Structure formats: structure tokens, C-alpha cells
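One-letter residues, chain by chain:
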Amino acid sequence: MDNTALSGVRAFLFDLDGTVTRDGRVPARSLAAMERLQAAGLLTLAVTGRPAGWCDLIARWWPVDAVIGENGAFCFARRDDNRIDRDWFFETTPTERATLVAIAEDTLRLAPGLAASADNAWRVCDIAVDFTEDVTGPTLDDAERVRRHFEAAGACAKTSSIHVNAWFGEHDKKTTACTVLADRFGITAERQAAEVAYIGDAPNDEPMFAAFPLSFGVAGVRRFLPHMSAHPADIATGDGADGFVEIAERLLEARAA
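Presented here is a report on the structure given in the accompanying data block.

Notes on the packing of aromatic side chains
A complete count under the given rule lists seven aromatic pairs for this structure. When the centroid spacing of 5.7 Å and the interplanar angle of 10° are considered together, the rings of Phe12 and Phe244 count as stacked. In this pair, Phe12 is assigned in strand E1 (residues 11-14) and Phe244 in helix H9 (residues 240-256), connecting sequence segments 232 residues apart. Judged by its relative accessible area of 0%, Phe244 is buried.

Shown next as C-alpha cells:
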């Protein structure tokens, strides 16, 4: 994609884990890139599988206009007065939550080393099984077995670079992102293809890669491509935060030109 294609971008949406992080942390260069994007007039929206508890802090403290969390369950957005609006698009009933927990516990037998995600206590709508964040041993093939087990039990499930997330409902990153872009930021469905760019790194970004022609992957997405039917249109040279900053700089260059 050249500067002409990128010059009309108004909103840059991005995954978090494996995309703005490096070695499990968010380096200063990622946050600085978000600040430069906002200063140049671009909207910055984090779109993640991370839990509501984390997203509340991100919405308050990070240089983002909004954060969509738990793979599309909600959006926390900053208002002009710097207070936070919390829009819940899907909620899980206590019965559904108990069912998700039971299915997740059952998946742990599928491979040695699988574990319940350490951030489950801060989740409202979904559940996560850890296959690489705080555990060692499980493979991507093991994660895919977990995903299929959730789906066989009637849940929606997506594999990220660290977790398998599962929930009840028809939402995903794309459905909520498109709604938020139109209703909160005035980027209508007809304009989103030309005015929205996205960057991610894993199969749970697949709906976003399919929805937005101006889509990017960091270099690490290559290991997941055989497991995905929708791929990013372009892949950065750098991985993780390096790739995120690389693409942010491309957007800034296109806007300046």
C-alpha cells in the first residue's frame, strides 16, 4: 500500500498482545506512536481480547480514543471532558458464565500445560485458556484443539497469540468496531474501507483483516497464516511493537504527504 491509499485514513485500530507489546510489555515507543497519531488528527482505537478490568485502565490512561475489549463485548471511550463512556454490546448471564467456566476446565485435559488465564478474574463476558502467556509446553495445534472444543460445545472461540477466548454471542472484534466507528466517530460503513486501518498478529484478528482492506500484520502473524482464511493485506518488517511503530510511521508519512 502506497501513500495514496493510506492518506485518507482517519482511524488506526490495533490489537494489543503481540502487536503493541514486545516481550510481554508495552514499550514507550508504542505509546509515543499513539500520541503522535493523535496529534496528527488520527483516531486511535485498541481492539483486544483482554478483559474489562484491564480495558478500564487503558481507556483512562493510554493515548487512545477508545478501547474495544473481550473480542467485541464492550467499548470504553473517552469523551471530550475526559470522562469515560462504557457501552456494553453483549453481556453473559450467570448461567452462561458457569457453562463457559465448565467448558474451559474441560479443555485443560486436551494438552499438558494448558491453564486458565490469569486475567479471568477481570473478565465480564468471556473466558480465556492460556496456552503460552504464563505456561510452557502447549503448541498452536493444542490451542486449536481448545478452540474447536469450545465450538463443539456451542460457544464462539478465537485463538490469539497467547490465549483461546470463548464466549456466547454473535459478536467479534469486527462487528463492534464497525458499530463504534459509525455511531461514535461518524465513520459510516460506506467510508470505513478507505478511512480505517488495522494492525494485528493472530487468528482472532481475522474478522478485522477481512473487514478492512487497509489491514496490516506484524511480522509474527506469519506463523498463524496457515490457520487463517483471511490474511492482512500487508505485513510489517518488524514484529510486535517494532511492526506497530513501523506502520504508524507509514500512516503519519502518508498523512503529511
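Structure shown, so let's carry the discussion forward.
Side note on the environment of Arg191
In this fold, Arg191 is placed in helix H7 (residues 189-195). Taking the C-alpha atoms as reference, Arg191 lies 10.0 Å from Val9; in sequence the two are 182 residues apart. Arg191 has contacts with Arg10 and Gly186, leaving out every residue within four places of it along the chain.

As for the state of the cysteines
Applying the stated criterion across every chain, the model contains zero disulfides. Residue Cys55 stays outside any disulfide, its sulfur separated by 9.5 Å from that of Cys75, the closest cysteine. A residue is classified by how much of its surface remains accessible, and Cys55, at 0% relative accessible area, is buried. Exposure remark for Cys75: the relative accessible area of 0% places this residue in the buried category.

With respect to the sheet that holds strand E6 (residues 115-116)
Here four strands make up an open sheet; going across it, the order is E6-E7-E9-E8 and the pairing antiparallel. The strands lining the two open edges of the sheet, one partner per strand, are E6 and strand E8 (156-159). Two strands pair when backbone bridges link them, and E8 and strand E9 (residues 163-167) are joined in this way by four bridges, in the antiparallel orientation. Directly across from Lys158, in E9, lies its bridge partner Asn165. Sitting on the sheet, helix H4 (residues 94-107) is in contact with strand E7 (127-130) and E9, with an inclination near 10° to E7. Helix H5 (residues 140-152) contacts E7, E8 and E9 of the sheet and is inclined by roughly 170° relative to E8.

A closer look at the environment of Thr44
Inspection of the secondary structure puts Thr44 in strand E2 (residues 43-47). When its relative accessible area of 0% is taken as the criterion, Thr44 is described as buried. Sequence spacing of Thr44 and Ala73 is 29 residues, and the spatial spacing of their C-alpha atoms is 18 Å. Contact partners of Thr44, with chain neighbours within four places excluded, come to Phe12, Phe14, Met34, Leu37, Gln38, Pro63, Val64, Asp65 and Ala66.

A short note on the packing of helix H2 (residues 28-39) against H9
For any two helices packed against each other, one specifies the inter-axial angle together with the distance between the axes. Running from N to C, H2 and H9 cross one another at 20°; their axes reach a closest spacing of 9 Å. The angle between the axes of H2 and H9 places the two elements in the roughly parallel class. Where H2 crosses over H9, the handedness of that crossing is left-handed. Packed against H2, whose contacting residues are Arg29, Ser30, Ala33, Met34, Arg36 and Leu37, the element H9 presents Ala241, Asp242, Phe244, Val245, Ala248, Glu249, Leu251 and Leu252 at the interface. Tallied by class, the residues present in the contact of H2 with H9 amount to nine nonpolar, one polar and four charged.

Cut-offs used in this document
Think of each chain on its own: its residues are numbered from 1, step by step along the sequence as written. Local features in this predicted model are restricted to residues of pLDDT 70 or higher, and side-chain atom pairs are both shown and tallied only at a pLDDT of 80 or more, whereas totals for entire chains, interfaces and linings draw on every residue. Values reported for side chains reflect all heavy atoms of the structure, with hydrogen atoms and water molecules removed beforehand. Stacked, edge-to-face and tilted labels apply to pairs of Phe, Tyr and Trp rings (six-membered ring for Trp) whose centres lie within 6.5 Å, assigned for plane angles under 30 degrees, over 60, and everything in between, in that order. Where helices and strands are cited, they refer to DSSP runs of H or I of at least four residues and of E of at least two residues respectively, numbered from the N terminus. Exposed residues in this analysis have more than 50% of their type's maximum accessible area, buried residues have under 20%, and partly exposed residues fall in between, with area computed by a 1.4 Å probe over protein chains only. Every residue pair with non-hydrogen atoms within 4.5 Å of one another is taken to be in contact. Pairs of cysteine sulfur atoms within 2.5 Å are what we label disulfides. DSSP calls a pair of strands paired once it identifies at least 2 bridges connecting them. What counts as an axis is a line fitted to C-alpha atoms, over the stretch in contact for a helix, and the angles between N-to-C directions run from 0 to 180 degrees. Any angle between 65 and 115 degrees counts as roughly perpendicular, while under 35 counts as roughly parallel, over 145 as roughly antiparallel, and the rest as oblique. Take the far helix as your reference; a near helix turned counterclockwise from it by less than a right angle gives a left-handed crossing, and one turned clockwise gives a right-handed crossing. All amino acids are sorted into three groups, where Ala, Val, Leu, Ile, Met, Phe, Trp, Tyr, Cys and Pro are nonpolar, Asp, Glu, Lys and Arg are charged, and the leftover types, Gly among them, are polar.

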